[in-house]
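# Structural characterization, general
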Amino acid sequence: MTAYEEADWMTGTAFRPGLVEEYAGTTGAVLGGRTGWDACPDPTGIYGGAWQGPLFVLTHHPEDAQPTPGVTFLNCDVAEAVRIAREAARKAAADVRYRPVPAE
């Protein structure tokens, strides 16, 4: 696992007071990639547990993903995944966490 996947690059990062709560309160859906999901397959940890809502994971292989309540595994292009997440968010934007990985 890389430092990026472990979020070690975040160590020592400071946020203004209330930022996490603001993000959690204004994020209607989250779209992430399979690499990030496999590194931390727990939807209750988003924004430190302050956020709840629909979570979408973009993957080339949804068939081998462990079914998880509240998580939808998508096998489509990025534009379609963003459209799906934005529709689910029912807001102007969805928080998009996407890091492309080479095709398997």
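Each remark here, short or long, concerns the structure printed above.
Residues numbered from 1 in each chain as written. Predicted model: local features only at pLDDT ≥ 70, side-chain atom pairs only at ≥ 80, totals over all residues. Heavy atoms only, no water.

So, on to the pattern of salt bridges. Taken as a whole, this structure holds five salt bridges when the rule is applied. Glutamate 22 is paired through a salt bridge with arginine 16; the nearest N and O atoms lie 2.7 Å apart. Among the ionic pairs, glutamate 87 bridges to arginine 83, the shortest N-O distance being 2.9 Å. Residue glutamate 87 and its partner arginine 83 are both found in helix α4 (residues 78–89); the two are separated by four residues, about one turn of the helix. Its relative accessible area of 55% is what places glutamate 87 among the exposed residues. Each of Arg34, Asp38 and Asp64 takes part in salt bridges that share partners, so that together they form one network. (Salt bridge = Lys/Arg side-chain N within 4 Å of Asp/Glu carboxyl O. Helix = DSSP H or I, 4+ residues; strand = E, 2+ residues; numbered from the N terminus. Buried < 20%, exposed > 50% of the residue type's maximum accessible area, 1.4 Å probe, protein only.)

Our focus in this paragraph is the environment of glutamate 21. Mapped onto the fold, glutamate 21 is located in helix α2 (residues 19–26). Using a relative accessible area of 53% as the deciding quantity, one classes glutamate 21 as exposed.

Next up on the list: the pairing of strand β1 (residues 30–33). Residue alternation in β1 divides its side chains into two sets, Val30 and Gly32 and Leu31 and Gly33, and both sets are buried. For β1 and strand β2 (residues 55–58), the ladder comprises four bridges, and the chain directions are parallel. Note on β2: the bridge partner recorded for valine 30 is leucine 55. Assessed by its sense of winding, the connection that carries the chain from β1 through helix α3 (residues 34–39) to β2 is right-handed. (Pairing = 2+ DSSP bridges. Right-handed = clockwise from strand over helix to strand, strands pointing away.)

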